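Here are the chains, one letter per residue:
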Amino acid sequence: MFNKKNMILTLIVVLAISLVGCSGGNDTADTGDSAKQESDVTELTFWSWYAQQGPAIEAVVKEFEKENPKVKVKVEYFETGAYPEQIKTSFISGNAPDIMGVEPGSGPKGLVTFKDAGRVLDLTDIYQEKGWNDRFYESAIKQLTFDDSIYSVPLTVNNMNLYYNKTLFDEFGLKAPKTFDDLYKVSKVLKDNGILPITWGNKYQWTGKDYFFLFAGQQDTTLIKKAEKGEIKWTDERLVKALETVKKLSRDEIYAPGTNAMSDWDAIQLFFQEQAAMFFSGTWAIPNIKNNAPEGFTEQLGLIQFPIFKVGLDHVSPGGVGMNVAISKDTKHKELAIKFLDYFTSTQSQKIFVEEAQFTSPNKEANVEEIVKSHLLKKFNEFQGDTTPRSLVNSKMDAELGGGIQALIEGEMTAKEVLEKVEAVR
């Protein structure tokens, strides 16, 4: 009896163990299948500092992943100042992103910096193969071309113009100025009524350069690039005239005082408070105005190209590529990265991007009337085809020019002296 009971218990234990073993085997098989499915998904990494465009970028990424279920695009955003160091460290450690946001010129985030270091792929053949030469604004492609080669793809383009307060203009019976004569007449009326004509900030030097590029471009949109390439000297009389014009507006108090001490953010406060009637800035100011200006302020604004400083010149806007992206030379997913950028910059995807971000697309066909909600952005889009370059490739020239314009405004240097120093660092 005792032995019979022991035998029954033994059978029960054996049966239980075998059942556990079968259950465990199934778990292992499931885990293996799950791991296999996970390994079938390719992760594409995309780094940027452009967090403000995050929702728009991610809206396009979501659609791409729907159409490509075996691809996961991991987008990471970094603080602007920390971004260059993050990229540099990633290359040293062998963990560089597949796709990386860059600026079009020189500097820590500049495409030229990464190109010269051999960190990014040459995409010239891809432009031809994918038809990207016909997809983007010609001015954007020119800006991203170095020695007949292209190393990046534009994601946003921008231009700079003159915002003006239509309500203030109407109050004093003023019309938007087209020439310097108009501008000076408008400015006199405004100043007589205690209002500053134009506010802008040059604390970080870039807006001062934009004014210089503007007045050079009104004469000839090729002047800046010719000077940088050495085809003409920086001391060319047309460039000296352009820089003297920047000084003239400062000296004649068309600009608000304290320009060199103000950032773009500081300057726009004078505009919000209606202490200044005009504000010189770009497309990027639209969200700032929408989110931070008094209620109803956006609706009372108009936008014009800056008045020409001499009758017979052309109205142009300093502009070009904002954020652009390059493919890391270390990527293990070159074809997939190209596929993603082709998808991202397609007309269909860029319409999603424009609608979400309310920013100007480099894709000419995407900036359609029905999805551009801002009346200001519609005007910027209208002016995008009439741009003059607003960046330099040579970092030494760029730094010399920026600092020199600050000194010019302060009365510490003449226009010719500034440009002689730029020429000296060629």
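Residues numbered from 1 in each chain as written. Predicted model: local features only at pLDDT ≥ 70, side-chain atom pairs only at ≥ 80, totals over all residues. Heavy atoms only, no water.

Q: Looking at this structure, how should I read the packing of aromatic side chains?
A: Two aromatic rings are characterised by how far apart their centres lie and by the angle between their planes. Across all of its chains, the model carries 33 aromatic pairs by this definition. Considering the side-chain rings of Tyr 211 and Phe 215, the 6.1 Å spacing of their centres and the 25° angle between planes classify their relative orientation as stacked. With a gap of four residues between them, Tyr 211 and Phe 215 both fall in helix α10 (residues 206-219), about one helical turn apart. You'll find Tyr 211 and Phe 215 in the same group, each marked buried. Measuring from ring centre to ring centre gives 5.9 Å for Phe 215 and Phe 309, while their planes differ by 85°; the resulting arrangement is edge-to-face. On the criterion of sequence distance, the pair formed by Phe 215 in helix α10 and Phe 309 in the loop between β10 (301-304) and β11 (317-321) is long-range, its members being 94 residues apart. Note on accessibility: Phe 215 and Phe 309 belong to one class, buried. Put simply, the rings of Phe 180, Tyr 184, Trp 200, Tyr 211, Phe 215, Tyr 255, Phe 280, Phe 306 and Phe 309 pair up and form one aromatic cluster. The positively charged end of Lys 109 is found above the aromatic ring belonging to Trp 49, 5.1 Å away from the centroid. (Phe/Tyr/Trp six-rings, centres within 6.5 Å; stacked < 30°, edge-to-face > 60°. Helix = DSSP H or I, 4+ residues; strand = E, 2+ residues; numbered from the N terminus. Buried < 20%, exposed > 50% of the residue type's maximum accessible area, 1.4 Å probe, protein only. Lys NZ or Arg CZ within 6 Å of the ring centre and 35° of its normal.)

Q: What is the right way to look at the environment of Lys 185 in this model?
A: Considering the arrangement of structural elements, one finds Lys 185 in helix α9 (residues 180-192). Relative accessible area serves as the criterion here: at 60%, Lys 185 is assigned to the exposed category. For the pair Lys 185 and Lys 130, spaced 55 residues apart in sequence, the C-alpha to C-alpha distance is 51 Å.

Q: Got a minute to help me understand the pattern of salt bridges in this structure?
A: Oppositely charged side chains can pair when the atoms bearing their charge come close. Going through the model one piece at a time under the given rule, you end up with 17 salt bridges. Arg 135 is paired through a salt bridge with Asp 342; the nearest N and O atoms lie 3.2 Å apart. Taken together, the residues span a long stretch of sequence, with Arg 135 in helix α6 (residues 132-135) and Asp 342 in helix α15 (residues 334-344) at a distance of 207 residues. Here Arg 135 matches Asp 342 in class, with each residue buried. With its nearest N and O atoms 2.9 Å apart, the salt bridge here joins Asp 210 to Arg 390. (Salt bridge = Lys/Arg side-chain N within 4 Å of Asp/Glu carboxyl O.)

Q: How should α9 be read in this particular structure?
A: Since the α-helix turns once every 3.6 residues, residues separated by three or four places project in the same direction. Its 13 residues give α9 an end-to-end C-alpha distance of 18 Å, which sits within 8% of 18 Å, the value for a rise of 1.5 Å per residue. Phe 180, Leu 183, Val 186, Ser 187 and Leu 190 are the residues of α9 that are buried. End-on view of α9: buried residues confined to an arc of 120°, all on one side of the axis. For α9, the exposed residues lying more than 90 degrees away from the buried face are Asp 181, Lys 185, Lys 188 and Asp 192. (Expected span 1.5 Å × (residues − 1). Arc of directions from axis to C-beta.)

Q: Can you help me understand the pairing of strand β2 (residues 71-77) in this one?
A: Look at any regular strand and the pattern is simple: side chains alternate between the two faces of the sheet. As paired strands, strand β1 (residues 42-48) and β2 are joined by seven bridges and run parallel to one another. By the bridge assignment, Ser 48 is partnered in β2 with Tyr 77. This β-α-β element, β1 to helix α2 (residues 54-67) to β2, shows right-handed connectivity. (Pairing = 2+ DSSP bridges. Right-handed = clockwise from strand over helix to strand, strands pointing away.)

Q: Would you mind showing me how to read the pairing of strand β9 (residues 276-282) here?
A: Counting buried residues along β9, seven of its seven residues qualify, which places the element largely inside the surrounding structure. Looking at chain direction, strand β7 (residues 157-165) and β9 are connected through five bridges and run antiparallel. Within β9, the position partnered with Tyr 164 by the bridge is Met 278. Note: strand β8 (residues 196-199) against β9, three bridges, orientation parallel. Directly across from Leu 196, in β9, lies its bridge partner Ala 276.

Q: Sorry, what's going on with unusual backbone geometry here?
A: Across the chain, the bulk of peptide bonds are trans and the bulk of non-glycine residues have phi less than zero. Although it is not a glycine, Asp 148 adopts a positive phi angle of roughly 70°. Structurally, Asp 148 can be placed in the loop between β4 (145-146) and β5 (149-150). Positive phi values are uncommon outside glycine, yet Glu 274 reaches one of about 60°. With respect to the element layout, Glu 274 can be found in the loop between α13 (264-272) and β9.

Q: Looking at this model, I keep getting lost on helix α16 (residues 347-357). Mind explaining?
A: Within the span of α16, buried status applies to Ser 349, Gln 350, Phe 353, Val 354 and Ala 357. Along the axis of α16, the buried positions cluster into a sector of 135°, meaning they face one direction only. On its buried face, α16 is in contact with α2 and α15. (Contact = heavy atoms within 4.5 Å.)

Q: What should I look at first to understand the packing of helix α18 (residues 395-409) against helix α19 (residues 415-424) in this one?
A: To characterise two packed helices, one gives the angle between the axes of the helices and the distance between these axes. Between α18 and α19, whose axes approach to 9 Å, the crossing angle comes to 165°. Relative to α19, the element α18 lies roughly antiparallel. In the crossing of α18 with α19, the sense of the turn from one axis to the other is right-handed. Contacts from Met 397, Glu 400, Leu 401, Gly 404, Ile 405 and Leu 408 of α18 reach α19 at Ala 415, Val 418, Leu 419, Lys 421 and Val 422. Residue composition of the contact of α18 with α19, by class: eight nonpolar, one polar and two charged. (Axes fitted to C-alpha atoms, helices over the stretch in contact; angles between N-to-C directions. Parallel < 35°, antiparallel > 145°, perpendicular 65-115°, else oblique. Left-handed = near helix turned anticlockwise from the far one by under 90°. Nonpolar A, V, L, I, M, F, W, Y, C, P; charged D, E, K, R; others polar.)

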